[in-house]
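Fold and geometry: a report
Spelled out, the chains give:
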Amino acid sequence: MNGFYAGYFAGGAGNGLAMFVIADGRISGADMAGVKFDGAFSEDEGGKLTGAVSVQVPPGVTVVQGVTAPAQGLTYEVPFVFPANFDKEPFLELRTPLGNVNVRLQKVRDLP
């Protein structure tokens, strides 16, 4: 599971792309607008992942849910539960405080 992933996002106001590193129970990522993603997860015996990601949006950036971050920026938490084969799913639904987002995570490569 450890590796680099492309995250394709679809929300009520548009689409987005971010890159992620998933390794040893941690997730870190960013998109081209400067939105940062940092979180952690645990894996159960069946491979299901349960965790949360903190999303930090820079001032003035509009996210795929259609919300524009105020002058001080915006930070919110997104809990998730993903199946063991999350990177094979056509999309995963995330329930965020700003609205639901569909995401597709595609592994780009293993970590060196």
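Residues numbered from 1 in each chain as written. Predicted model: local features only at pLDDT ≥ 70, side-chain atom pairs only at ≥ 80, totals over all residues. Heavy atoms only, no water.

Things to note about unusual backbone geometry
Of note in the backbone geometry, Asp24 takes a positive phi value of approximately 50° without being a glycine. Turning to its location among the elements, Asp24 is positioned in the loop between strand 2 (14-23) and strand 3 (26-31). On the basis of relative accessibility, which here comes to 66%, the residue Asp24 falls in the exposed class. (Helix = DSSP H or I, 4+ residues; strand = E, 2+ residues; numbered from the N terminus. Buried < 20%, exposed > 50% of the residue type's maximum accessible area, 1.4 Å probe, protein only.)

Thoughts on the sheet that holds strand 7 (residues 92-96)
Taking strand neighbours across the sheet as the criterion, the 8 strands line up as 6-5-4-3-2-1-8-7 in an open arrangement whose pairing is antiparallel. Both edges of this open sheet fall to strand 6 (74-82) and strand 7, since each of them pairs with a single strand only. Neighbouring strand axes in the sheet, compared pairwise and without regard to direction, differ in orientation by 25° on average. Taken together, the 9 bridges between strand 1 (residues 3-11) and strand 2 define a ladder with antiparallel strand orientation. Counterpart to Phe4 in the pairing with strand 2 is Val21. (Pairing = 2+ DSSP bridges. Axes fitted to C-alpha atoms, helices over the stretch in contact; angles between N-to-C directions.)

Topic: the environment of Leu17
Looking at the element boundaries, Leu17 is found in strand 2. Relative accessible area serves as the criterion here: at 47%, Leu17 is assigned to the partly exposed category. Along the chain, Leu17 and Asp38 lie 21 residues apart, while their C-alpha atoms are 16 Å from each other. Those residues in contact with Leu17 that sit more than four places away from it in its chain are Ala6, Gly7, Tyr8, Phe9, Asp31 and Met32. (Contact = heavy atoms within 4.5 Å.)

Describing the side chain of Thr96
When you line up the elements, Thr96 lands in strand 7. Overall, Thr96 belongs to the buried group, its relative accessible area being 13%. Here Gln65 takes part through its side chain, which lies 3.0 Å from a polar atom of the side chain of Thr96. Of the polar contacts made by the side chain of Thr96, one reaches the backbone nitrogen of Leu98; its length is 3.1 Å. Once residues lying within four places of it in the same chain are set aside, the contact partners of Thr96 are Gln65, Tyr76, Val78 and Val101. (Polar contact = N/O pair within 3.5 Å; in protein donor to acceptor, adjacent residues only side chain to side chain.)

What about the pattern of salt bridges?
Proximity of charged atoms lets side chains of opposite charge pair with each other. One pass over the structure, following the stated rule, counts 3 salt bridges. The closest approach of N and O atoms between Arg95 and Glu93, which form a salt bridge, is 3.9 Å. Note that Lys107 is salt-bridged to Asp110, the shortest N-O span being 2.5 Å. Residue class for Lys107 comes out partly exposed when judged on its relative accessible area of 28%. (Salt bridge = Lys/Arg side-chain N within 4 Å of Asp/Glu carboxyl O.)

Read these as layout, nothing more, since geometry by itself doesn't imply function.
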